[in-house]
Amino acid sequence: MTFLSGIVPTFTLFLLVRSLVGLGQGSFYGPAYGLINENLSDRHATLGMAIINSGQGVGQILGTLLASTLVIQNQDHWSTPFLVLALPTVMVGFLYLYGLPKEGRPIRYGGKSVNARGGQQQSLISSLAAKLAPKIWRPFFKRPLVGAYWLLFCSIYGQIAMLTWLPTFLLGMKNIDQRFVGLIASIVPLIAIPSALILAKKLDQTAHARRFLYLFVPLSALALVLGSLSQNSTQIVLALILYGLTGKMTIDPLLLQVIRRHAPKGRVATTFGLYNFMGMLASITASYLTGWLTDVTGTFSVGFDLAAALLLLGLLGFGLSQRNAG
């Protein structure tokens, strides 16, 4: 589907193909974090999830540099990055096929071992059918989990609003030289990767991880506001560094720890999948709403300020949800 994204002849088909890309991508998060939960002890689990999560930072750096170099600097067709990325995407598919547990090994499902060859097929089908009952979803919406979902929504809203529109903001509003747009846009993930890994290692050693959120989230909101108000490239870079140190990728290990602690027993992968679904809703909303606000007001500042305000509301909701939650 990534390859087809670069060759479809109409915008409607492009949107259809991109939705199928998302269908494939959505299969990653729940199982990935579920495997971490099963295979790493509490002492290393947060760091393990942060290492997996840092992959998106690497992807953002490489993707931003690739797109800006090919399309903005070299004036290649907008579809070229999709064609280039198709090959490594297929390679990842083969890694999944041959790197994950082979057929016949026990798979954890609902706290029970199920043979991949279908030895307990009936119980698996029964479990899937039971999921359709509304009451089965109630454990996934316990108060601490809802707070984590909400803060994730707000943090991803801010990240997507910035990353999606940052190149346009730099070129159109701040008159940044197009040769440096990709490098400037890569600052956030470049800073966020080591920040998230260091914090995650610290979280595995402390029982008071949530306290970091009450420092990082307001600083992340401040970075968005400072970025929108910046008058030169130096101020923009400083704002992006601050966001990289305190933004979505850095606080994600904290939220993943909350999800892991409060997920229903035997339903960890499903809970992570739902967590990711809430984040994807923010991705859709942020891209569209930030663009609409820019069209209406003629400036990106309103969209970035809204993202900052949502971050503070997200922290407020998270704090209330975690009271007496353990």
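Rules behind the numbers
- Residues numbered from 1 in each chain as written.
- Predicted model: local features only at pLDDT ≥ 70, side-chain atom pairs only at ≥ 80, totals over all residues.
- Heavy atoms only, no water.
- Helix = DSSP H or I, 4+ residues; strand = E, 2+ residues; numbered from the N terminus.
- Contact = heavy atoms within 4.5 Å.
- Expected span 1.5 Å × (residues − 1).
- Buried < 20%, exposed > 50% of the residue type's maximum accessible area, 1.4 Å probe, protein only.
- Phe/Tyr/Trp six-rings, centres within 6.5 Å; stacked < 30°, edge-to-face > 60°.
- pLDDT = per-residue confidence, 0-100.
- Core = buried A, V, L, I, M, F, W, Y, C linked by side-chain atoms within 4.5 Å.
- UniProt positions renumbered as here; feature names shortened; annotations may be inferred.
- Axes fitted to C-alpha atoms, helices over the stretch in contact; angles between N-to-C directions.
- Parallel < 35°, antiparallel > 145°, perpendicular 65-115°, else oblique.
- Left-handed = near helix turned anticlockwise from the far one by under 90°.
- Nonpolar A, V, L, I, M, F, W, Y, C, P; charged D, E, K, R; others polar.
- Polar contact = N/O pair within 3.5 Å; in protein donor to acceptor, adjacent residues only side chain to side chain.

Draft legend 1. Spotlight on the overall build of the chain. The number of helices and strands found in the chain is 14 helices and two strands. Across the chain, the fraction of contacts at a sequence separation of at least 24, relative to all contacts at a separation of at least 6, is 75%.

Draft legend 2. Representation of helix α12 (residues 248–262) in the model. In this model α12 runs 20 Å from its N-terminal to its C-terminal C-alpha over 15 residues, within 8% of the 21 Å that 1.5 Å per residue would give. Here α12 lies mainly inside the structure; 14 of its 15 residues are buried.

Draft legend 3. Spatial organisation of the packing of aromatic side chains. Applying the stated rule across the entire model yields eight aromatic pairs. Relative to Trp-78, the ring of Phe-14 lies with its centre 5.5 Å away and its plane at 90°, an arrangement referred to as edge-to-face. Separated by 64 residues along the polypeptide, Phe-14 in helix α2 (residues 11–25) and Trp-78 in the loop between α4 (42–73) and α5 (80–99) bring together distant segments of the chain. Relative to Tyr-149, the ring of Phe-141 lies with its centre 6.0 Å away and its plane at 75°, an arrangement referred to as edge-to-face. Taken together, the aromatic side chains of Phe-11, Phe-14, Trp-78 and Phe-82 make up a single cluster linked through ring pairs.

Draft legend 4. Seen up close, the confidence of the model for the chain. Summarising the model, the chain shows a mean pLDDT of 78, and 82% of its residues fall at 70 or more. The least confident element of the chain is strand β2 (residues 112–115), whose mean pLDDT is 42; the most confident is helix α1 (residues 2–5), at 92. Segment residues 103–126: pLDDT under 50, and 26 contacts once partners within four positions in sequence are set aside and those in other chains are kept.

Draft legend 5. Here's a closer look at the environment of Leu-100. Structurally, the position occupied by Leu-100 is in the loop between α5 and β1 (106–109). The class for Leu-100 is partly exposed, based on a relative accessible area of 39%. When the C-alpha positions of Leu-100 and Leu-35 are compared, they lie 10.0 Å apart, and in sequence the two are 65 residues distant. Residues within four places of Leu-100 in sequence aside, it is in contact with Leu-35 and Leu-95.

Draft legend 6. The arrangement of the nonpolar core in detail. Core analysis: the biggest nonpolar cluster contains 56 residues, and Tyr-149, Leu-213, Leu-240 and Leu-255 have the highest contact counts within it. Of all the elements, helix α7 (residues 143–173) adds the most residues to this core, at 15 residues. For Leu-255, the residues in contact, after removing those within four places along its chain, are Ala-148, Leu-151, Leu-152, Leu-213, Tyr-275 and Phe-318.

Draft legend 7. Region of the structure containing unusual backbone geometry. In this structure, Gln-75 takes a positive phi of about 60° despite not being glycine. Within the secondary structure layout, Gln-75 lies in the loop between α4 and α5. Given a relative accessible area of 58%, Gln-75 falls into the exposed group.

Draft legend 8. Broad picture of the UniProt feature "transmembrane region" (unreviewed entry) in the chain. The positions that UniProt labels "transmembrane region" (unreviewed entry) are, in the present scheme, residues 78–98, 145–168, 180–200, 212–230, 236–256, 268–288 and 300–320. Across residues 78–98 one finds 90% helix and 0% strand; the C-alpha atoms that close the span lie 33 Å apart. With 95% helix and 0% strand, residues 236–256 has end C-alpha atoms that lie 29 Å from one another.

Draft legend 9. Fine view of the packing of helix α3 (residues 29–39) against α4. α4 packs onto α3 with a crossing angle of 155° between their chain directions and a minimal axis gap of 9 Å. Judged by the angle between their axes, α3 and α4 are roughly antiparallel. Considering only the axes of α3 and α4, their crossing is right-handed. Taken together, the residues of α4 that come into contact with α3 (itself represented by Ala-32, Tyr-33 and Ile-36) are Ala-45, Gly-48, Met-49, Ile-52 and Asn-53. Considered class by class, the residues forming the contact of α3 with α4 number six nonpolar, two polar and no charged.

Draft legend 10. Quick peek at the environment of Ser-287. Residue placement: Ser-287 occurs in helix α13 (residues 268–297). Between the C-alpha atom of Ser-287 and that of Ile-160, which follows or precedes it by 127 residues, the distance is 6.5 Å. Sequence-distant contacts of Ser-287, that is, excluding residues within four places in its chain, are made with Ile-160, Thr-164 and Trp-165. Of the polar contacts made by the side chain of Ser-287, one reaches the backbone oxygen of Ser-283; its length is 3.1 Å.

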